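For reference, the chains in residue letters:
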Amino acid sequence: MSEEKKQPAAEESAEQQPAPEQEAPQKEEPVQEKAAKGGREKKKKEKEKTYTLTQQQMEAAELAAKQLESVKDQFVRLSAEYDNYRKRTAKEKDGLYQDAKADTIKEFLAVYDNLERAQAAEGGEDSPHKKGLEMIFHQYQEILKKLGVTEIEAKGVPFDPERHNAVMHVEDESLGENMVSQVFQAGFMLGEKVIRHAIVQVAN
């Protein structure tokens, strides 16, 4: 009986003793992480490398820099010359267009003179014929205005040889010196250019 009692007690004491702890297995770094880490270290070492140039290489680099500056300077000059050429040709084209326009309008001014004289003729104020002429004359004036043509102011202003052409002189005490007293033919301007001088009579 004593042996039987001893055996269970021994078993109980064996169960109560804690099992020895197992050492955790060391984790090995994955192959990809090792490779990436090695690549970073390699690149870092490459960046840290320094290079030395020979005297000949330094001279070649300086020459290349001078040539680059020269090419840049030539490019800037060519760009400026081209811009000036473009502006000059545009101005010349506009001048040619304005001259052609002025010459064309000048040929039609004779029609303006005839319509003006017909409208100023006395008599037949209620005539449909005269009313039609007045409408045509006003329409003609509007067309000239749209084209940029303006009539030169003449009567009652000082004589201006740049805009007026004096064909007669008269003494008139009611007018000031060198004043335009009468207009025989209207003058016109296209913008700032005179396309026909006003033919006038000058007083005093």
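A tally of helices and strands in the protein yields four helices and six strands. Its helices and strands taken in sequence order, the protein reads α-α-α-α-β-β-β-β-β-β from the N to the C terminus. Going through the 204 residues of the protein one by one, you find that 15% of them count as buried. Nonlocal contacts in the protein, meaning residues at least 24 apart in sequence, comprise 60% of its contacts between residues at least 6 apart. By element, 53% of the accessible surface of the protein is carried by carbon and sulfur atoms, the whole surface being about 17500 Å².

Bringing a nonpolar patch on the surface into the picture now. A cluster of nonpolar side chains, contributed by Val167, Met168 and Phe184, occupies part of the molecular surface with about 270 Å² of accessible area. With respect to the element layout, Met168 can be found in strand β2 (residues 164–170). We classify Met168 as partly exposed; its relative accessible area is 40%.

This paragraph deals with the sheet that holds strand β4 (residues 188–190). Taken in spatial order, the three strands make up an open sheet running β1-β4-β5, and their pairing is antiparallel. Each edge of the open sheet carries a strand with a single partner, namely β1 (149–151) and β5 (193–196). Across the sheet, the mean angle separating the axes of adjacent strands is 35° when strand polarity is ignored. As paired strands, β4 and β5 are joined by three bridges and run antiparallel to one another. By the bridge assignment for β5, Phe188 is matched with Arg196. Docked against the sheet, helix α3 (residues 55–120) engages β1, β4 and β5, running at close to 40° with respect to β5.

Next up on the list: the packing of aromatic side chains. Overall, the coordinates contain three aromatic pairs when judged by the stated rule. Seen in terms of ring centroids, Tyr112 and Phe137 are 5.1 Å apart; in terms of plane orientation they differ by 50°. Their pairing is tilted. Taken together, the positions of Tyr112 in helix α3 and Phe137 in helix α4 (residues 128–146) put the pair 25 residues apart, joining distant regions of the chain. For Tyr112, a relative accessible area of 2% puts it in the buried group. Look at Tyr112 and Phe188: their rings are 4.9 Å apart centre to centre, the planes differ by 85°, and that puts the pair in the edge-to-face class. Of the two residues, Tyr112 sits in helix α3 while Phe188 sits in strand β4, which places them 76 residues apart along the sequence. Judged by relative accessible area, which is 3%, Phe188 ranks as buried. Through successive ring pairs, a cluster of aromatic residues spans Tyr112, Phe137, Tyr140 and Phe188.

Now for α4. Its 19 residues give α4 an end-to-end C-alpha distance of 27 Å, which sits within 8% of 27 Å, the value for a rise of 1.5 Å per residue. Of all the residues in α4, the buried ones are Lys130, Phe137, Tyr140 and Leu144. Buried residues along α4 cover an arc of 75° about the axis, so they all sit on one side. Exposed residues pointing more than 90 degrees away from the buried face of α4 are listed as Pro128, Met135, Gln139, Lys145 and Lys146. Phi turns positive one or two residues past the end of α4, at Gly148, with a value near 90°.

A few words on the nonpolar core. Within the largest apolar cluster, 13 residues are counted, with the highest numbers of intra-cluster contacts made by Ile105, Leu144, Val149, Phe188 and Ile195. Elements represented by at least two residues in this core include exactly α3, α4 and β4. Sort the elements by how many residues they give to this core and α3 lands first, with five residues. Ranked by size, the runner-up nonpolar core spans five residues in total, among them Ala154, Val180, Ala198 and Val200.

So, how was this worked out
- Residues numbered from 1 in each chain as written.
- Predicted model: local features only at pLDDT ≥ 70, side-chain atom pairs only at ≥ 80, totals over all residues.
- Heavy atoms only, no water.
- Helix = DSSP H or I, 4+ residues; strand = E, 2+ residues; numbered from the N terminus.
- Buried < 20%, exposed > 50% of the residue type's maximum accessible area, 1.4 Å probe, protein only.
- Contact = heavy atoms within 4.5 Å.
- Areas by Shrake-Rupley, 256 points an atom, 1.4 Å probe, with all protein chains shown as cover.
- Patch = residues over 30% accessible without salt bridge, like charges linked within 9 Å, V, L, I, M, F, W, Y side chains within 5 Å.
- Salt bridge = Lys/Arg side-chain N within 4 Å of Asp/Glu carboxyl O.
- Pairing = 2+ DSSP bridges.
- Axes fitted to C-alpha atoms, helices over the stretch in contact; angles between N-to-C directions.
- Phe/Tyr/Trp six-rings, centres within 6.5 Å; stacked < 30°, edge-to-face > 60°.
- Expected span 1.5 Å × (residues − 1).
- Arc of directions from axis to C-beta.
- Core = buried A, V, L, I, M, F, W, Y, C linked by side-chain atoms within 4.5 Å.

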